[in-house]
Amino acid sequence: MSPDKSAAPRDGGNGRGKLGSRGRGRQSRPRGADPARLLAFDALRAVHAEDAYANLILAELLRQRQMPARDAAFATELFSGTCRMQGSYDAIIERAGGRKLNSLQPAVLDLLRLGTHQLLAMRVADHAAVSATVELAAATVGRRVTGLINAILRKISADDYGGWVTKISNGWPAPDALALRTAHPRWIVDAYADLLPQTELEPALRANNVQPVSSLVIRPGLATVQELLDAGARPGRHSPYAAQWTGDPALLPAVAEGRAGVQDEGSQLVALALARAEAADGPWLDLCAGPGGKSALLAGLAREHGAAFLAGEIAAHRARLVAAALRAYPQSDERLVITADGTRPAWRPGSFARVIADVPCSGLGALRRRPESRWRRDADAVDQLHPLQKSLLHNAIAALRPGGVVAYVTCSPHRLETEAVVTEVLSEHDDLDLLDAPALLPEVEDAAVGRFIQLWPHRHGTDAMFAALLRVSG
Ligand SMILES: C[S@@+](CC[C@H](N)C(=O)[O-])C[C@H]1O[C@@H](n2cnc3c(N)ncnc32)[C@H](O)[C@@H]1O
């Protein structure tokens, strides 16, 4: 295959230009490149050159380019796996190439990362992984880089992943070697080490490298789990509202009609714990509702309690997503979605019986489904979120009527975002009880850290959700 001029990116070949310049759609695709590998390459460039979110760009490109299911699965694994393992692949590429990464053109580095994933983690024959990557390089960046890519990938193919990490980390401190082996930045390894017994540390990190099965959730009162099972879903693991589904969820009538949705079981369980707590009667509030996963479950549970439901979200576009998630509930319900800053309440203090504060967090508990995120954040992100998390919890408490209960929730297990926020806020109030939250989820084993709920992918198959329940004296 020989690339023609039109195959070269219009940004002059440095690979940094907007993908839009070549077009993300079906038109003007470089000739000769395998469509699945090209999609993975375009998605990876968008992540690195445009700060695109991996999940969103992948979904967009798959929708636009319409390829057979097998090719779509290949592209998904190639792209997501490469994003996830990036830090370790970079170390291998640097060692095999014998040169600093920053001496490589960004698009060339992405091609090498994709080739490395095929060589070290996918069932692709070595010669096919190398030649297909060289062809992709010729079709996208240009012929002049094919020799370099061929040479580096051939060196990488001389050993397997374990061999490379052993060679590179020889003599390193154990946590650095673990970080390389499991493809996590060192600060995340340290944060996990602070939370888990030593024997669970590596399994917990490895669990972040496994793509989760899609969990479905019903909207209580609008669909039943049996309906999903009858349509071919498998039972959920813990939540009474869950089912598991491996195909495209939109093919299920209940999902297409908004009577069910996609939601990790961990999110379902923390919402359920709030609904099961003993609390005063009255309306429910979701303080940080976007994009609406927990609101959609809680609105149904509130209906079952005969309670009104309010969802607040600071970002208008995310508030619209919440409204969409709630669309199947009857219009006649007492239910409202508003764009509101939870730190500057739009409601009177003492109005609500149950409040969920599912605060913005580092997302360290959802690394399985956000493949690129571990390489984008650093420990500073956690420090920076702490004051906002505390402020949102203070405001959630102020919104409670006597006997009301707040669930403080994060999709991060990091101590500074979880226990530290709750204990600091507790120390500033003398009218709060910390409830035994794990006791409200008897169906889930091994989820208790004292009175807090802490779920883990390697233990529960869920995201690493944290929840604390606090009740105001009544
Ligand atoms: C972890 S997400 C919530 C996820 C949501 N509960 C769900 O299950 O779909 C946190 C949300 O809080 C919103 N947010 C951030 N700062 C906020 C504030 N000051 N007031 C209200 N919402 C805020 C973010 O825009 C984001 O949508």
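Residues numbered from 1 in each chain as written. Predicted model: local features only at pLDDT ≥ 70, side-chain atom pairs only at ≥ 80, totals over all residues. Heavy atoms only, no water.

**Q** Go over the overall build of the chain, please, and point to the residues and values.
**A** When helices and strands are counted, the chain shows 18 helices and 13 strands. Principal axes of the C-alpha set define a box for the chain whose edges measure 75 × 50 × 40 Å. A total accessible area of about 19900 Å² is found for the chain, and carbon and sulfur atoms account for 51% of it. For the chain, the distance from the average position of its 54 positive side-chain charges to the average position of its 52 negative side-chain charges is 8 Å. (Helix = DSSP H or I, 4+ residues; strand = E, 2+ residues; numbered from the N terminus. Areas by Shrake-Rupley, 256 points an atom, 1.4 Å probe, with all protein chains shown as cover. Lys, Arg positive; Asp, Glu negative; His and termini not counted. Charge placed at Lys NZ, Arg CZ, Asp CG, Glu CD.)

**Q** Just give me the short version of the packing of aromatic side chains, but keep the residues and values in it.
**A** Between two aromatic rings, the relevant description is the distance of the centres plus the angle of the planes. In total, this model carries five aromatic pairs according to the counting rule given. Seen in terms of ring centroids, Y89 and Y161 are 6.4 Å apart; in terms of plane orientation they differ by 80°. Their pairing is edge-to-face. Taken together, the residues Y89 in helix α3 (residues 69–97) and Y161 in helix α7 (residues 161–169) connect sequence positions 72 residues apart. The pair formed by Y89 and Y161 is uniform in burial state, with each residue classed as buried. Look at W347 and F352: their rings are 6.1 Å apart centre to centre, the planes differ by 90°, and that puts the pair in the edge-to-face class. The same class applies to W347 as to F352, namely buried. Aromatic ring contacts, followed pair by pair, group Y408, F452 and F466 into a single cluster. Directly above the ring of W164 sits K167, whose terminal nitrogen or CZ lies 4.1 Å from the centroid. (Phe/Tyr/Trp six-rings, centres within 6.5 Å; stacked < 30°, edge-to-face > 60°. Buried < 20%, exposed > 50% of the residue type's maximum accessible area, 1.4 Å probe, protein only. Lys NZ or Arg CZ within 6 Å of the ring centre and 35° of its normal.)

**Q** Quick rundown of the sheet that holds strand β4 (residues 260–262)? Include the residues and the values.
**A** Taken together, the four strands give an open sheet; going across it, the order is β2-β3-β1-β4, and neighbouring strands pair in antiparallel fashion. Edge positions in the open sheet fall to β2 (234–235) and β4, since each of these has one partner strand only. Sheet strands touched by helix α13 (residues 265–276): β1 (214–218) and β3 (242–245). Its angle to β1, the strand with the most contacts, is close to 35°. (Pairing = 2+ DSSP bridges. Contact = heavy atoms within 4.5 Å. Axes fitted to C-alpha atoms, helices over the stretch in contact; angles between N-to-C directions.)

**Q** Talk me through the UniProt feature "domain: SAM-dependent MTase RsmB/NOP-type" (unreviewed entry) in the chain; I want residue IDs and the actual numbers.
**A** The residues that UniProt annotates with the feature "domain: SAM-dependent MTase RsmB/NOP-type" (unreviewed entry) are residues 188–473. Annotated as residues 188–473, this span is 33% helix and 21% strand, and its ends, taken at the C-alpha atoms, are 38 Å apart. (UniProt positions renumbered as here; feature names shortened; annotations may be inferred.)

**Q** Outline the confidence of the model for the chain, listing residues and values.
**A** In the predicted model, the chain carries a mean pLDDT of 93, and the fraction of residues at 70 or more is 94%. Low pLDDT, under 50, characterises residues 1–23; the predicted model gives this stretch 47 contacts beyond four residues in sequence or across chains. (pLDDT = per-residue confidence, 0-100.)

**Q** Give a description of the pairing of β3 that names residues and reports values.
**A** In β3, alternate side chains face the same way, and those of A242 and Q244 on one face and A243 and W245 on the other are all buried. Strand direction decides the pairing type here: β1 and β3, joined by four bridges, are antiparallel. Bridge pairing links L216 to A243 in β3. Where β2 folds back on β3, the antiparallel hairpin that results is connected by six residues.

**Q** Got a sec to walk through the site of the ligand? Specific residues and values, please.
**A** Around the ligand, a shell composed of 18 residues is seen, among which E313, R318, D341, G342 and D358 lie nearest. One nitrogen or oxygen atom from the main chain of G292 is found 3.1 Å from an oxygen atom belonging to the ligand. Within the contact set of the ligand, a nitrogen atom lies 2.8 Å away from a backbone nitrogen or oxygen of G342. Coverage of the ligand by the protein amounts to 86% of the 600 Å² it exposes when considered alone. (Near = heavy atom within 4 Å. Polar contact = N/O pair within 3.5 Å; in protein donor to acceptor, adjacent residues only side chain to side chain.)

**Q** Account for the environment of D333, with residues named and values stated.
**A** Inspection of the secondary structure puts D333 in the loop between α15 (316–325) and β7 (335–339). Counting along the chain gives 41 residues from D333 to R374, while the straight-line C-alpha distance between them is 41 Å. Of the polar contacts made by the side chain of D333, one reaches the side chain of R303; its length is 2.8 Å.

**Q** Report on unusual backbone geometry, specifying residues and quantitative values.
**A** In this chain, G290 is followed by P291 through a cis amide linkage whose omega measures 0°. Mapped onto the elements, P291 comes out in the loop between β5 (284–286) and α14 (293–304). A positive phi angle is found at A183, which is not glycine, with a value near 60°. The residue A183 is located in the loop between α8 (174–182) and α9 (186–193) in this model. The exposure class assigned to A183 is buried, which follows from its relative accessible area of 0%. Positive phi, close to 65°, is recorded for D446, a residue that is not glycine. D446 sits in the exposed class, given a relative accessible area of 53%.

**Q** Got a sec to walk through the pattern of salt bridges? Specific residues and values, please.
**A** Between side chains of opposite charge, a pair can form when the charged atoms approach closely. Tallied over the entire structure, the rule returns 27 salt bridges. In this structure, R459 engages E200 in a salt bridge whose closest nitrogen and oxygen atoms are separated by 2.9 Å. Remark: E200 occurs in helix α10 (residues 198–207) and R459 occurs in helix α18 (residues 457–460); sequence separation between them is 259 residues. Taking the relative accessible area as the measure of exposure, R459 reaches 24% and is therefore partly exposed. Residue R276 is joined to E443 by a salt bridge in which the shortest nitrogen-to-oxygen separation is 2.9 Å. Taken together, the positions of R276 in helix α13 and E443 in the loop between β10 (432–434) and β11 (448–449) put the pair 167 residues apart, joining distant regions of the chain. (Salt bridge = Lys/Arg side-chain N within 4 Å of Asp/Glu carboxyl O.)

**Q** Requested: an account of the environment of A138, with residues and values cited.
**A** Here A138 lies in helix α5 (residues 126–140). When its relative accessible area of 3% is taken as the criterion, A138 is described as buried. Considering only alpha carbons, one finds A138 and F452, 314 residues apart in sequence, at a separation of 54 Å.

**Q** Describe the nonpolar core, and please don't skip the residues or the numbers.
**A** Core analysis: the biggest nonpolar cluster contains 57 residues, and F79, I149 and I156 have the highest contact counts within it. Breaking this core down by element, the ones donating at least two residues are α1 (35–50), α2 (54–65), α3, α4 (106–121), α5, α6 (146–156) and α7. A total of 11 residues in this core trace back to one element, the largest contributor, which is α3. Not counting the four nearest positions on each side in its chain, F79 is found in contact with A40, A43, L44, V47, A54, I57 and L58. (Core = buried A, V, L, I, M, F, W, Y, C linked by side-chain atoms within 4.5 Å.)

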